[in-house]
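What follows is the residue order along each chain.
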Amino acid sequence: STRNCACKMSQLPLKSPLASPVSEGTNSRVESLDNLSMDSFWLEVENIKQSAEAEQEECSLTDVKTQEEGEAEAEWLQDAGLSDLLGDGASENDNIVLLSTLTRTQAAAVQRRLDTYSRSRRRKNKHPVRDVRDIFGVVSSEETAAEKKESSPDQLWHNLRASNVQRKTQDYSCTVRNPGKEEMFNMDVAYSEQAAVLLKGSFLSESRRLKDGNTLTKFKIPKGRLGVTRIGDLSAQDMKKIPTLALIELTALCDVLGFELKRNKASKLKTTEKRLFGVPLNTLLENDQKLLPNTKVPLLLQALLSCLEKRGLETEGILRVSGSQTRIKSLEQKLERDFYTGLFRWDEVHQNDVSGLLKRFIRELPAPLLTAEYLPAFAAVQNIPDLKQRLQALNLLILILPEPNRNTLKALLEFLSKVVARENNNKMNLWNVSTVMAPNLFMHKGLPNKIPEGKEKQLAEGAADVVRMMIHYQDLLWTVSSFLVAQVRKLNESNSKKYQFCDKRIKNLLRKIHADKDKVEKNQAEPSKIVKVHASLLLKDSLEVHLNNATRVVDVLKQFQKNLCQNGWNIVNTVNLLKCNNSMECTNLLLYEVGGNIGEHCLDPDTYLLDLYHINPHAEWIIKQNPAYPRMF
C-alpha cells in the first residue's frame, strides 16, 4: 500500500567512501527492531492514504525540482550567509567576519562548496567565482601550489585527521564509550571536530543497537564553567545567527561522516481560503498574535493538545486508535467556523476524534512541519551508525528550523512525552507513539518522492526511530551548543569593532584576535572582581557582588533575595515581590547577561560569574522575574 501512496518519505543517499560501514550499521539497527511491531506505522499509512483518496486532495506544494549542478551550492552559500563570495566585488567584511569564526572542519566545508560552484561556473563559460583565498589575501605561487595539493579530497582529510589527532585528548572526553552507563554529551567542541578525531578510531566499526524506550542510552551534558544554554535563553537577535552557524556545522559534520547533505528546494505555497487547517504556520501565528500577542504556538494546536491532556492521556490506544473520518471532517468544518468565536464545544468531542484532528492538522500544513527543505536530512539521520552522532545531527537540524516550526514541534513532542509517561494506562509506549506519529511527520502530499523497491521497511523503521529520538532526547536537542554560543560572541565582537580590511586584512584580523586572546588570558589571572548587578524593574538599588572563582549565578540570586527579605530594600512596587515561606527559594528570579559580545543571555544557575566576566567584561548583569512564573507586582 505504501508503494502506491502519493505521500512518500524522503531519504538521503550516501556517498561512496563510507557507504559500506553506514549500511552495515543501519542494517544492525533494523535487525534489532524486528521484535518491535511496525503494525501501527502501516495502519497509520493506510489511514492517511484512505483520507487523501476520499477527498481527492491535490498537492499544496508543487513537486520539488531537480537542481542543476552548482545551484545547490549557490543556495547553500546563500543560506550560510556567504552569498557575497559568489559575486565579484560586493562587500566582503561580513563574510570575512563569519569565516574568521569557523573551525577547520567548517572552513573545509565552505571551501568544498565554493570549489564545486566554481567548477560548475567554468563549465558553463560564465565569469569564474573568486577563490576564497582571494578574499583572505594574496599568497605566493609556491604557497598556492602547496595549497592546491592539500586541497585535494584525500590530502584534505588526511591533514584534517592528522591535525585533530594531535589536539589535547581532554577536549574530546565525550568520545570515551561507557556501555550501559550514563555518557557525557560534549557541546564545548564542534561536533565535526569530534567526528574527525573518531574517523580513524572506533567510530566506523561501532554501531549501537536500538533498544526499547526504557533502556535507551542516557546522555548528560557536562556543565562547564559557563553553564548550559537552552533554546530561548538567547535574544531573538542572537538566535537569528544560530541557524546559519548550525547549517555550516551540520554540513561539516556530514562531510566528515561521508554523507551528502541534500536539501529540497520548495516552490511557493498555494493560497487557501481556510483559516486553520492547511494554513502556513507563519500565517496562523500572525492571525493568533492579533488576538493574543507573543503567541509562539498556533492557538488551535494549543487547544487540541490541551483537550487531549485533560481527557485523552488515560485513553487506551490514544493516537493509535483512529476516530471516525466522517466526524473528523465535520469537526474540522465546525472549527473553521467557530474556533475564533469561542463557540466550539471541546467537551462534546471524543478523544480519538481530537487525536485524529491533531494528526490531520500536522499533515494538512502546506509544508511539512520539519520543512520541505530539511525533511530529507531528518530522514537521513537514521543512516548515521553512532547514536551520539545521530543526536548531534538532530540537534543541529532543530536549530536550523524556522522558529515557528521549532516551537510547534517542541509543543508536540512535550505532549507525546506525556502520552508515553501514562503508558501503564493508555498502553502507548515510546515505540508505539513513534510509529504512529512518524507517517504524519515524514509523509507529505506535497513531496511525492518515490521509495526504492524493497526499502519500505528500512525507511519506515528509520523514520520511527528518528521520532523516538526526538521525543526521548528533546531536552538535549533543544540545547544550544557552547561552541555555537562562542561563535555568536565572536561575530558580535567583530561586528562591533568594524575591522577595516586591506590587502593583508586577514593577517591583521588574526593578529587582533590573538591580541584579544592575550587580554582575556591576562584578565583570567584576576583572582576576584567586584561588580554591580542591576534589578531596575524590581528595585531602585543595585546589588554589589564580590566575585571569586566559586561565585555562581545561584549564589548571587540567593544574596539578592536575602537582602530583599531582611534589609528592607527600596522596592519599586509596594506589593510583596517574593514569597519567602521561611526559605530561600529563588526559582522565580533569573540573571541575564546583557550587552558586550551578546545581545541578551539568560544565565544557567550554575554559571561561574568570574569566568563569564573574563569572556564578556563589558556586559551588564540584570535580575528579572522568571516569565514562567506569574508576575507578582
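Residues numbered from 1 in each chain as written. Predicted model: local features only at pLDDT ≥ 70, side-chain atom pairs only at ≥ 80, totals over all residues. Heavy atoms only, no water.

Things to note about the nonpolar core
Definition in use: Grouping buried Ala, Val, Leu, Ile, Met, Phe, Trp, Tyr and Cys residues that are joined through side-chain atoms within 4.5 Å yields what is termed a nonpolar core. Think of it in three bands: residues with accessible area under 20% of the maximum for their type are buried, residues over 50% are exposed, and the middle band is partly exposed, with areas taken using a 1.4 Å probe on protein chains only. In this text, helices come from DSSP runs of H or I with a minimum length of four residues, and strands from runs of E with a minimum of two, each type numbered from the N-terminal end. Only heavy atoms matter for contacts: two residues are in contact if any of them lie within 4.5 Å across the pair.
Counting residues in each nonpolar core, the largest one holds 129 residues, and the members touching the most others are Leu319, Phe378, Phe442 and Met470. At 10 residues, helix H11 (residues 242-257) tops the list of elements feeding residues into this core. If near-sequence neighbours (up to four positions away) are discounted, Met470 is found in contact with Phe378, Leu394, Ile398, Leu409, Leu413 and Leu477. Of all hydrophobic cores here, the second largest spans 21 residues; its members include Leu543, Leu557, Phe560 and Trp621.

Focus on the side chain of Glu193
We count it as follows: A 3.5 Å cut-off defines polar contacts: any pair of N or O atoms within that distance qualifies, except that in protein one atom must be a possible hydrogen donor and the other a possible acceptor, and neighbouring residues in sequence count only when both atoms are side-chain atoms.
With respect to the helices, strands and loops of the structure, Glu193 is situated in helix H9 (residues 191-198). The exposure class assigned to Glu193 is buried, which follows from its relative accessible area of 4%. Within polar-contact distance, the side chain of Glu193 engages the side chain of Thr105 at 3.1 Å.

A few points about empty space enclosed by the protein
Let me state the cut-off plainly: Grid points spaced at 1 Å over the protein atoms alone were grouped into cavities, where a 1.4 Å probe fits but cannot get out, and pockets, open sets with protein on both sides within 12 Å along at least five of seven lines, with lining residues defined by an atom within 4 Å of a point. Grid points are joined across faces, edges and corners, and a volume is the space filled by probe spheres set on the points.
Throughout the structure, instances matching the rule amount to 8 cavities of 30 Å³ or more. Glu44, Asn47, Ile48, Ser322, Gln325, Ile328, Gly356, Lys359, Arg360 and Arg363 together form the lining of the largest cavity. Among the secondary structure elements, those contributing two or more residues to the lining of the largest cavity are helix H2 (39-55), helix H14 (325-338) and helix H15 (351-364). With 4 residues, the single largest contributor to the lining of the largest cavity is H15.

Considerations on the confidence of the model for the protein chain
Here is the rule: The predictor reports its confidence for every residue as pLDDT, a score running from 0 up to 100.
Residues of the protein chain with pLDDT of at least 70 account for 66%, and the chain-wide mean is 76. This stretch, residues 30-34, has a pLDDT under 50; its non-local contacts, to residues over four places away or in other chains, come to 11 contacts. Low pLDDT, under 50, characterises residues 499-503; the stretch is placed with 11 contacts to residues that sit more than four places away or in other chains.

With respect to H14
Structural remark: α-helix, 3.6 residues per turn; residues separated by three or four positions point the same way. Let me state the cut-off plainly: Expected helix span is computed as 1.5 Å times (number of residues minus one).
Between its terminal C-alpha atoms H14 stretches 20 Å, which fits the 20 Å expected from 14 residues at 1.5 Å a residue. Those residues of H14 that sit buried are Ile328, Leu331, Glu332, Leu335, Glu336 and Asp338. Contacts made by the buried residues of H14 are with helix H13 (299-311) and H15.

A closer look at the pattern of salt bridges
Formally: What makes a salt bridge here is a side-chain nitrogen of Lys or Arg within 4 Å of a carboxyl oxygen of Asp or Glu, nothing more.
This structure, assessed with the given rule, holds 24 salt bridges. In this structure, the salt-bridge partner of Arg263 is Asp79, at a minimum N-O distance of 2.8 Å. Of the two residues, Arg263 is situated in the loop between H11 and helix H12 (281-291) and Asp79 in helix H3 (residues 71-79); the sequence distance between them amounts to 184 residues. Residue classification places Arg263 among the buried residues on the basis of a relative accessible area of 15%. Overall, the relative accessible area of 36% leaves Asp79 in the partly exposed class. Residue Asp338 is joined to Arg337 by a salt bridge in which the shortest nitrogen-to-oxygen separation is 3.3 Å. With a relative accessible area of 16%, Asp338 lands in the buried category.

A look at the sheet that holds strand E7 (residues 589-595)
We apply this condition: The criterion for strand pairing is that DSSP finds at least two bridges linking the strands in question. Orientation is described by lines fitted to C-alpha atoms, with helices fitted over the stretch in contact, and by angles between N-to-C directions that extend from 0 to 180 degrees.
Strand order in the open sheet formed by 5 strands is E6-E5-E9-E7-E8, and the pairing between neighbours is mixed. Since the sheet does not close on itself, it has two edges, and those belong to strand E6 (543-547) and strand E8 (598-602), each with one partner. The mean inter-strand angle of the sheet, taken between neighbouring strand axes irrespective of direction, is 30°. Bridge count between strand E5 (residues 529-534) and strand E9 (residues 620-625): 2 bridges; the pairing is parallel. Counted as the bridge partner of Val533 is Trp621 from E9.

With respect to the packing of helix H17 (residues 387-400) against helix H21 (residues 456-472)
Stated precisely, the cut-off is as follows: For this classification, under 35 degrees means roughly parallel, over 145 means roughly antiparallel, 65 to 115 means roughly perpendicular, and everything else is oblique. Three classes are used, and their members are as follows: Ala, Val, Leu, Ile, Met, Phe, Trp, Tyr, Cys and Pro are nonpolar, Asp, Glu, Lys and Arg are charged, and the others, Gly among them, are polar.
Running from N to C, H17 and H21 cross one another at 75°; their axes reach a closest spacing of 11 Å. The angle between H17 and H21 falls in the class roughly perpendicular. Residues Leu387, Arg390, Leu391, Leu394 and Ile398 of H17 lie in contact with H21, whose contacting residues are Asp465, Val466, Met469 and Met470. Per-class residue counts for the contact of H17 with H21 are 7 nonpolar, no polar and 2 charged.

Observations concerning the pairing of E7
Among the 7 residues of E7, 5 are classified as buried, and the element is accordingly described as predominantly covered. Note that E7 and E9 share 6 bridges and pair antiparallel. Paired with Val594 across the strands is Glu620, a residue of E9. The hairpin formed by E7 and E8 contains 2 residues between the paired strands, and Gly596 there has a positive phi angle of roughly 75°.

What about the pairing of E8?
In terms of strand pairing, E7 meets E8 through 4 bridges, oriented antiparallel. Its bridge partner lying in E8, Glu593 is registered against His601.

Concerning the environment of Gln474
Tracing the backbone through its elements, the reader meets Gln474 in helix H22 (residues 474-477). Taking the C-alpha atoms as reference, Gln474 lies 8.2 Å from Glu414; in sequence the two are 60 residues apart. If we ignore the near neighbours within four places in the chain, the residues touching Gln474 are Lys410, Leu413, Glu414, Ser417 and Met469. For Gln474, the side chain forms a polar contact with the main-chain oxygen of Ile471, separated by 3.0 Å.

Some words on H17
If you check H17, its first and last C-alpha atoms are 20 Å apart, about what 14 residues at 1.5 Å a residue would give, namely 20 Å. Most of H17 is tucked away, with 14 of its 14 residues classed as buried. Sitting at the amino-terminal end of H17 is Asp386, which places a side-chain oxygen 3.2 Å from the backbone nitrogen of Lys388.

Topic: the side chain of Arg489
Positionally, Arg489 belongs in helix H23 (residues 482-497). When its relative accessible area of 6% is taken as the criterion, Arg489 is described as buried. Apart from residues lying up to four places away in sequence, Arg489 is in contact with Glu593, Asn597, Ile598, His601, Leu612, Ile615 and Asn616.

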